[in-house]
Amino acid sequence: MGVECSTKSGVDVGCTACGPRQTIDAAIEAARRAGERHYQEREALRLDVEHARYDAQLAGRRCERVDPDLRLVAAELEARWNAALERVHDLEGRLTAFDARTVTQQQIDEHAVDWASNPRTRDPIFRLSLIVGAGAGRIASMR
């Protein structure tokens, strides 16, 4: 009966029960899952933006169709249109911010080379501290 190695984060922190191939396979699977989650989050944001744009267009058409003599109705429809346009703007900003936080494959490859060439990253205690956040500030200083 073999020893099974797993962590909540899905990242191997230097377990001696895992061989290099299992570690690589686990890393590939974790990257695939992260990619799926990223795609789902972005798609949900994109659909929110699309829906908000439709709502804003609909509110605009309603506002344009109202009789100008009905000032109270026109004012309410214009306020709804403005609110819909603000929602579109906010959601587009969220989508832009999400895309700005997205790491490209080239960036991942560059960091992988840096990570592999740094002897400190082979230290299981150092790797564990990175995972739990204690060493998050040290990642930038590794270069």
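Residues numbered from 1 in each chain as written. Predicted model: local features only at pLDDT ≥ 70, side-chain atom pairs only at ≥ 80, totals over all residues. Heavy atoms only, no water.

Draft legend 1. Up close: the overall build of the chain. Each helix and strand in the chain was counted, giving five helices and zero strands. Pairs at least 24 residues apart make up 53% of the contacts formed inside the chain by residues separated by at least 6 positions. Summing over all exposed atoms, the chain offers an accessible surface of approximately 11,000 Å²; the carbon and sulfur share of this is 57%. (Helix = DSSP H or I, 4+ residues; strand = E, 2+ residues; numbered from the N terminus. Contact = heavy atoms within 4.5 Å. Areas by Shrake-Rupley, 256 points an atom, 1.4 Å probe, with all protein chains shown as cover.)

Draft legend 2. Representation of the nonpolar core. Leu45, Val49, Ala52, Ala56, Ala59, Ala84, Val88, Leu91, Leu95 and Phe98 form the largest nonpolar core, which has 10 residues in total. Of all the secondary-structure elements, those providing two or more residues to this core are α1 (20–65) and α2 (71–101). If sequence neighbours within four positions are ignored, Ala59 has contacts with Arg80, Trp81 and Ala84. (Core = buried A, V, L, I, M, F, W, Y, C linked by side-chain atoms within 4.5 Å. Buried < 20%, exposed > 50% of the residue type's maximum accessible area, 1.4 Å probe, protein only.)

Draft legend 3. A look at α2. With 31 residues, α2 should cover 45 Å at 1.5 Å per step; its first-to-last C-alpha distance of 45 Å lies within 8% of that length. Among the residues of α2, Ala74, Leu77, Ala84, Val88, Leu91, Leu95 and Phe98 are the ones counted as buried. Structurally, α2 contributes buried residues whose contacts are with α1. (Expected span 1.5 Å × (residues − 1).)

Draft legend 4. Geometry of the layout of surface pockets. By volume, the second largest pocket is sized at about 190 Å³. Lining the second largest pocket are Ala34, Gly35, His38, Glu41, Phe98, Arg101, Thr102, Val103 and Ile108. When residues of the lining of the second largest pocket are traced back to their parent elements, those giving at least two are α1 and α2. Of all the elements, α1 adds the most residues to the lining of the second largest pocket, at four residues. (1 Å grid on protein atoms, 1.4 Å probe; cavity = no way out; pocket = protein on both sides within 12 Å on 5 of 7 lines; lining within 4 Å. Points joined across faces, edges and corners; volume = space filled by probe spheres on them.)

Draft legend 5. Geometry of the pattern of salt bridges. Here the structure, examined in full by the defined rule, presents eight salt bridges. One salt bridge connects Arg33 with Glu29, and the closest N-O pair in it is separated by 3.0 Å. Note that Arg33 and Glu29 are positioned in helix α1 at a spacing of four residues, about one turn of the helix. With a relative accessible area of 47%, Arg33 lands in the partly exposed category. Judged by relative accessible area, Glu29 falls into the partly exposed class, the value being 27%. Residue Glu50 is joined to Arg46 by a salt bridge in which the shortest nitrogen-to-oxygen separation is 2.9 Å. (Salt bridge = Lys/Arg side-chain N within 4 Å of Asp/Glu carboxyl O.)

Draft legend 6. Examining the confidence of the model for the chain more closely. Confidence in the prediction of the chain, expressed as mean pLDDT, is 77, and 64% of residues score 70 or more. Model confidence for the chain, summarised as mean pLDDT per element, is weakest for helix α5 (residues 138–141) at 42 and strongest for α2 at 94. Under a pLDDT of 50 for its full length, residues 134–143 has, in the predicted model, 14 contacts with residues more than four places off or in other chains. (pLDDT = per-residue confidence, 0-100.)

Draft legend 7. Looking closely at α1. For α1, with 46 residues, the first-to-last C-alpha span of 67 Å sits near the 68 Å given by 1.5 Å per residue. Taken together, the buried positions of α1 are Leu45, Val49, Ala52, Ala56, Ala59, Gly60 and Cys63. Looking at the buried residues of α1, the elements they touch are α2.

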